[in-house]
Amino acid sequence: MEPINYQKEKENIQYFAQQARSFEAGELDRKDYKGISGKFGSYAQRGEGNMLRLRMPGGVMNLDKLGFVADMVERFDIDRLKLTTCQTLQLHNLSADETAYIMEAAMDHGIFTKGGGGDNPRNVMMSPLAGVLPGEYMDVRPWAMACGEYLLGRVDELHMPRKLKVAFSGGADNETHATFRDLGFVALPDGGFRVYCAGGLGPNPKLGVCVEEKAAPEDVLHYADAMIRVFTTHGNYTNRARSRTRYLQDTLGVEGLQQAFRQALEESRAAADLR
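Residues numbered from 1 in each chain as written. Predicted model: local features only at pLDDT ≥ 70, side-chain atom pairs only at ≥ 80, totals over all residues. Heavy atoms only, no water.

**So, the side chain of Ser 243**
Mapping Ser 243 onto the fold places it in the loop between helix 6 (220-234) and helix 7 (248-271). Only 2.9 Å separates the side chain of Ser 243 from the backbone oxygen of Arg 240, close enough to count as a polar contact. Other than its neighbours up to four places away in sequence, Ser 243 contacts Pro 161, Arg 162, Phe 231 and Asn 236. (Helix = DSSP H or I, 4+ residues; strand = E, 2+ residues; numbered from the N terminus. Polar contact = N/O pair within 3.5 Å; in protein donor to acceptor, adjacent residues only side chain to side chain. Contact = heavy atoms within 4.5 Å.)

Listed below in structure tokens is the structure:
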């Protein structure tokens, strides 16, 4: 994986800031602005102001990150925050300049907003008790963090039909509902992960399809890459109402989806070593 180019990311944020100011001034319509801002993890609210999502891989916040958030809340008098189902932290009622400032300053604390909206890989989820949950089969934190970093590094290159949600479960519980996400890893008692894909809630909810009974933990990124390959190859780019991964179960069938995933996994392993 290539290291994050902080200079490039900050230059991209300056572009976002220009567009955000244009929208705030009424020079850019809401639809066009949404197409730009989502990739940066921000959306215009109904009425006035912006929302910004701070990615917290696995929902983990250390003292430095918590201190940064507290400082931003005090500095900009932020009166509304939310914890999302994807374990990000949403800041609300921000001006264009405040949004861009927080977005850039957050990177100095290892917090990124890129990919927090739009058709991008979202924040990787895991149980809030990962590592300390009695009876868990595996501490999934290292694997969830590695997967989150990998997906964040691919945001700029990807063009997917819709967003991609990835979750890990230590096996003793399923707090993150890994069995019905776009991609889910469920730890096994004897090591490794059972891997599910193309699940989801919303209209026409579906339980994920098991595509691997026992995956080696060191191959986690290959499975993430394989899911992206399946989604970009077989996903629906024309009808957004049916563009989430769960509809692949309808178009490919369960066995067809499993076969497509196995093929994509072979292609991933042949293309690069992601272990």
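**Comments concerning the pairing of strand 2 (residues 50-54)**
Across the five residues that make up strand 2, a large majority, five, are buried. With burial as the criterion, each face of strand 2 is covered, one bearing Asn 50, Leu 52 and Leu 54 and the other bearing Met 51 and Arg 53. Bridge count for strand 1 (residues 42-44) against strand 2 is three bridges, and the pairing is antiparallel. Considered in strand 2, the bridge of Ser 42 is made with Leu 52. Pairing between strand 2 and strand 4 (residues 89-94): four bridges, direction antiparallel. Bridge pairing in strand 4 links Leu 54 to Leu 89. (Buried < 20%, exposed > 50% of the residue type's maximum accessible area, 1.4 Å probe, protein only. Pairing = 2+ DSSP bridges.)

**What about the packing of aromatic side chains?**
For the structure shown, the criterion picks out nine aromatic pairs. Each residue in the set Phe 16, Phe 23, Tyr 33 and Phe 40 is aromatic and connected to the rest through ring pairs, giving one cluster. (Phe/Tyr/Trp six-rings, centres within 6.5 Å; stacked < 30°, edge-to-face > 60°.)

**Quick notes on the packing of helix 1 (residues 6-24) against helix 4 (residues 96-107)**
A pair of packed helices is captured by two measures, namely the crossing angle of their axes and the spacing between those axes. Look at helix 1 against helix 4: their axes get within 8 Å of each other, and the N-to-C directions meet at 170°. In this view, helix 1 runs roughly antiparallel relative to helix 4, as classed from their interaxial angle. Seen from helix 1, the contacting residues are Tyr 6, Glu 9, Lys 10, Ile 13, Gln 14, Phe 16, Ala 17, Ala 20, Arg 21 and Glu 24; seen from helix 4, they are Ala 96, Asp 97, Thr 99, Ala 100, Met 103, Glu 104 and Met 107. When its residues are assigned to classes, the contact of helix 1 with helix 4 shows nine nonpolar, two polar and six charged. (Axes fitted to C-alpha atoms, helices over the stretch in contact; angles between N-to-C directions. Parallel < 35°, antiparallel > 145°, perpendicular 65-115°, else oblique. Nonpolar A, V, L, I, M, F, W, Y, C, P; charged D, E, K, R; others polar.)

**Regarding unusual backbone geometry**
Residues other than glycine seldom take positive phi values, yet Asp 77 does so here, at roughly 50°. By the secondary structure assignment, Asp 77 is in the loop between helix 3 (63-75) and strand 3 (81-83). Assessed through its relative accessible area of 66%, Asp 77 is described here as exposed.

**A word on the state of the cysteines**
What the rule picks out here adds up to zero disulfides. No disulfide involves Cys 147; its sulfur sits 13 Å from the nearest other cysteine sulfur, which is in Cys 86. A residue is classified by how much of its surface remains accessible, and Cys 147, at 0% relative accessible area, is buried. There is no disulfide at Cys 197, and the cysteine sulfur nearest it, in Cys 210, is 9.1 Å away. Overall, Cys 197 belongs to the buried group, its relative accessible area being 0%. (Disulfide = S-S within 2.5 Å.)

**Some points on the packing of helix 1 against helix 2 (residues 30-37)**
The geometry of helix 1 relative to helix 2 is characterised by a closest axis approach of 10 Å and an angle of 160° between their N-to-C directions. Classified by the angle their axes make, helix 1 and helix 2 are roughly antiparallel. Helix-helix and strand crossings are classified by hand; for helix 1 and helix 2 the assignment is left-handed. For the pair helix 1 and helix 2, the contacting residues are Tyr 15, Phe 16, Gln 19, Ala 20 and Phe 23 in the first and Arg 30, Tyr 33, Ile 36 and Ser 37 in the second. Class assignment for the residues of the contact of helix 1 with helix 2 results in six nonpolar, two polar and one charged. (Left-handed = near helix turned anticlockwise from the far one by under 90°.)

Note that all results are geometric; they support no functional claim without further evidence.
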